[in-house]
Amino acid sequence: MRIRLKIERNPTPSKLMTTSVLVLSLGATLLITAIILLTQGVDPLYAYAGIFIGAFGSWHGLSETLTKAIPLLLCGLGLTVAFRANFWNIGAEGQLLLGAFAATGVALFLPVQGLYLIPLMIMAGFFAGAAWGVITAIFRGKFGANEVVTTLMMNYIAIELGKFLVTGPWRGPTQHGFPYTDVFPASAQLPIIDGTRIHYPTLILGLVVAVLLYIMMKKTRLGYEIRVIGDNPHAAKYAGMGYTRTVLFIMIISGGLAGVAGVGEVAGVNHLLRPPVQISQGYGFAAIIVAWIAMRNPLAAIASSIFMGGLLVGGDIFQTSLGLPFQTVNIFNGLILFFVIMGLVLRHYKISLVRRSG
Amino acid sequence: MFIDSFKSFPFKALQRLRGKWVLGIILIVVAVVILCAMWPNLATYALDSAIRWGTPLLLATMGEIYAERSGVLNLGIEGMMLGGALAGFAATLWTGNLLVAVVLSAIVGGLMSLIHAFLSISMRANQIVSGLALTIFGAGLTGVLGMRFVGVPLPEGLTPISIPMLNAIPVIGPLFNNNALVYLSLALALLLWFVLFKTRTGISIRAVGENPAAADALGVNIYKTRYLCVFLGGVLAGIGGAFLPLGILFSWRENITAGLGWVAIALTIFAMWSPSRAIFASYLFGAIYGLAYRLQPYVASNILNMLPYFLTIIILILGTMETTRKRMGAPSALGVPYDRGEK
């Protein structure tokens, strides 16, 4: 009698399997990150405890975590849809910034006041982010240009554009030469929960959009097309689903939502436009991780954006108390991506021991 | 409806221009002549920056060409270049031996590529995300490990080796007064071109990238070929990364590659997956990259900083259009994991 490993393929893995794969991925990532921290003379348990307590252990920490979760959720939601169609939008960072620029332009330079100002800023932000993304979708649809490269390059262009705006034409006359615009009028500032920096209208918007996108992906024809294009582009073509059309739609959604995230950052947190690195703590890049930890499920993105927000808040602790650069977070980000995509494959396999005679 | 309107206006005009490369080349030549007349030494300067920035790009691009020819898309070049750059810098600082430094950077780049190879070839995981993760991981790891080197000057770097006689030729003379890695990268480009297009090994590699099932049937080991090509890609990206601190900057800084790895991915397409065209593509990009800084007195620096990124997008689009026109697009199995199936 022999015992051997039997590997079976299971095309429809259970929820439990997916969840346990995710937990294992997180565990493995934390383990390897711990080893790297040890080589740097940092006690990983001390560091992890510090991050957790800093991000979730106090009301102030929790409110900061939620504040950072808002842009992560908005950007991440669009990316869950884009990634589901295998359209690799790496440009949420630039789309977010364009949204911030557009909102700033409306707030400071349009003769609009009062109740209409905020909705107008959000619309402008949505369109600017969407337009920035649609450019790359057109490049993809018309010329077949790889969207990973183009969306990434558009990020850098947006960052330079932001620096140009705040040091050049938009530098505020009242800012004593600092690279900031003037402060927004009160009617251009999003309301916040007292004592925190949580701009709740944007948060509510994110939650509503999460539910809507979940329904869209599960129940509508469009969601079905997106899933088919992601799983089998050839079949989608035979079925007459237009690739360019779907990709344009995806970019309008994901670019637009990232743009709204940018509106939230200038209208809800900063109340003025600063150099890009101070507006976005790499939210657009971190949103890629948010979308993948959520396994490309819009509802799960709510949880993963809060997790990622906590990691960013905790990441500040790295910088200040442990003397490690902010890049440390990227070690974690890279590793979790490795393990999640590995898990996505592995959850399809069932390994069992079988007895065999002979 | 509004989507349909994208089909009409600017693209028709662009498509009509597609075939008119001759016109484009004449325009570029005229522009170069005018620029040379305006600024003396411009040709020398252009050649200098073509080599300076083109060499790390050439090394990384050749590596990516081999990986992609075998059917594996590796978006982790930026991360592997960062790893190679840090390894090369640290080794030079500690051992003072540049040969050791370059070898170590090659090893580090190669080892990092194996993560991607394992995930995309053995695990058949998503290649795009895996490569992206490698870049993010590389940025994080070198950011942390390299922190202690920020602001430390390098006591010695790669020194130019003059080739007598040849270095006296006007205009192209400076080409023969460069460091060993420049010569090595040029020799490698020719060698890799020869291997890819003139040998049995090259045929196998291309077959694996075009039609792995057929290659498998003919007895080519798909997994081994792909692993080796991705590993070679990592080795070359590592050396290319090391060129930055050892040959250009003589110091370390966080994110020292500043997007050059992504440029290499665009150049791979622009070079149509050919090592010999990669020389031309990399040097052209390097020259324009360097020349852009000549415009500094006239253009706001932030606008100027956008230029390499615009250029990368343009190169990517031109390269993609040209490959479509010549009907010799990317390797057919690029990005598709090979599953041998149960026997």
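Residues numbered from 1 in each chain as written. Chains lettered and ligands numbered in written order. Predicted model: local features only at pLDDT ≥ 70, side-chain atom pairs only at ≥ 80, totals over all residues.

> Could you clarify how one ought to interpret the overall build of chain A in this entry?
A count of helical and extended segments in chain A gives 14 helices and two strands. Computed over its C-alpha atoms, the radius of gyration of chain A comes to 22 Å, within 12% of the 21 Å expected for a compact globule of 358 residues. Along the first, second and third principal axes, the C-alpha set of chain A runs to 85 × 55 × 35 Å. For chain A, buried positions account for 53% of its 358 residues. Once local pairs closer than 6 in sequence are excluded, the contacts in chain A between residues at least 24 apart make up 78%. (Helix = DSSP H or I, 4+ residues; strand = E, 2+ residues; numbered from the N terminus. Rg over C-alpha atoms; globule rule 2.2 N^0.38 Å. Buried ≥ 20, exposed ≤ 12 C-beta atoms within 10 Å, placed from the backbone. Contact = placed C-beta atoms within 7 Å.)

> Explain the environment of Phe318 of chain A to me, please; I cannot follow it from the model alone.
All names here are of chain A. Along the chain, Phe318 falls in helix α13 (residues 300–322). Overall, the presence of 22 C-beta atoms within 10 Å leaves Phe318 in the buried class. The spacing of Phe318 and Thr151 is 167 residues in sequence and 30 Å in space, taken between C-alpha atoms. Excluding residues that lie within four positions of it along the chain, Phe318 makes contacts with Leu324, Phe326 and Thr328.

> Before we go on, may I ask you to explain the confidence of the model for chain B in this structure?
Keep in mind that low pLDDT regions are not for reading the predicted coordinates in detail. Residues and elements named next belong to chain B. The predicted model of chain B averages 86 in pLDDT, with 89% of residues at 70 or higher. Long-range and interchain partners of residues 1–9, a stretch whose pLDDT sits below 50, account for three contacts in this model, where long-range means more than four residues apart. Across the interfaces of the predicted complex, the ipTM metric reaches 0.89, alongside a pTM of 0.89. (pLDDT = per-residue confidence, 0-100.)

> Got a minute to help me understand unusual backbone geometry in this structure?
The general pattern is negative phi for most residues beyond glycine and trans for most peptide bonds. Residues and elements named next belong to chain A. Its identity is not glycine, yet His176 carries a phi of approximately 50°, on the positive side. Tracing the chain through its elements places His176 in the loop between α6 (147–167) and α7 (200–219). Taking the C-beta count within 10 Å as the criterion, His176 has 7 such neighbours and is therefore assigned exposed.

> Would you mind showing me how to read the packing of helix α14 (residues 328–346) of chain A against helix α6 (residues 127–145) of chain B here?
Helices that pack against each other are described as a pair by the angle of their axes relative to one another and the distance between those axes. Viewed as axis vectors pointing N to C, α14 of chain A and α6 of chain B meet at an angle of 155°, and their least axial separation amounts to 7 Å. Looking at the two axes, α14 of chain A sits roughly antiparallel to α6 of chain B. Every pair of crossing elements has a handedness; the one defined by α14 of chain A and α6 of chain B is left-handed. Of the residues in α6 of chain B, those in contact with Thr328, Val329, Asn330, Ile331, Asn333, Gly334, Leu335, Leu337, Phe338 and Ile341 of chain A of α14 of chain A are Val129, Ser130, Leu132, Ala133, Leu134, Ile136, Phe137, Ala139, Gly140, Leu141, Gly143 and Val144 of chain B. (Axes fitted to C-alpha atoms, helices over the stretch in contact; angles between N-to-C directions. Parallel < 35°, antiparallel > 145°, perpendicular 65-115°, else oblique. Left-handed = near helix turned anticlockwise from the far one by under 90°.)

> Honestly, the nonpolar core in this entry has me stumped. Any pointers?
When a protein is soluble and globular, its nonpolar side chains tend to lie buried together. Ranked by size, the top nonpolar core spans 216 residues in total, and within it Cys75, Met121 and Leu337 of chain A together with Leu267 of chain B carry the most contacts. Leave out the neighbours within four places in its chain, and Leu267 of chain B touches Leu57, Thr61, Ala278, Ala281, Ser282, Phe285 and Ile315 of chain B. (Core = buried A, V, L, I, M, F, W, Y, C linked by C-beta atoms within 7 Å.)

> Hey, could you run me through the packing of helix α12 (residues 275–292) of chain B against helix α13 (residues 301–325) of chain B in this one?
All names here are of chain B. For the pair α12 and α13, the least separation of the axes is 9 Å and the interaxial angle reads 160°. One finds that α12 runs roughly antiparallel with respect to α13. You can see that α12 and α13 cross each other, and the crossing is right-handed. Across the interface between the two elements, Phe285, Ile288, Tyr289 and Ala292 from α12 touch Leu304, Leu307, Pro308, Leu311 and Ile315 from α13. For the contact of α12 with α13, the per-class residue count stands at nine nonpolar, no polar and no charged. (Nonpolar A, V, L, I, M, F, W, Y, C, P; charged D, E, K, R; others polar.)

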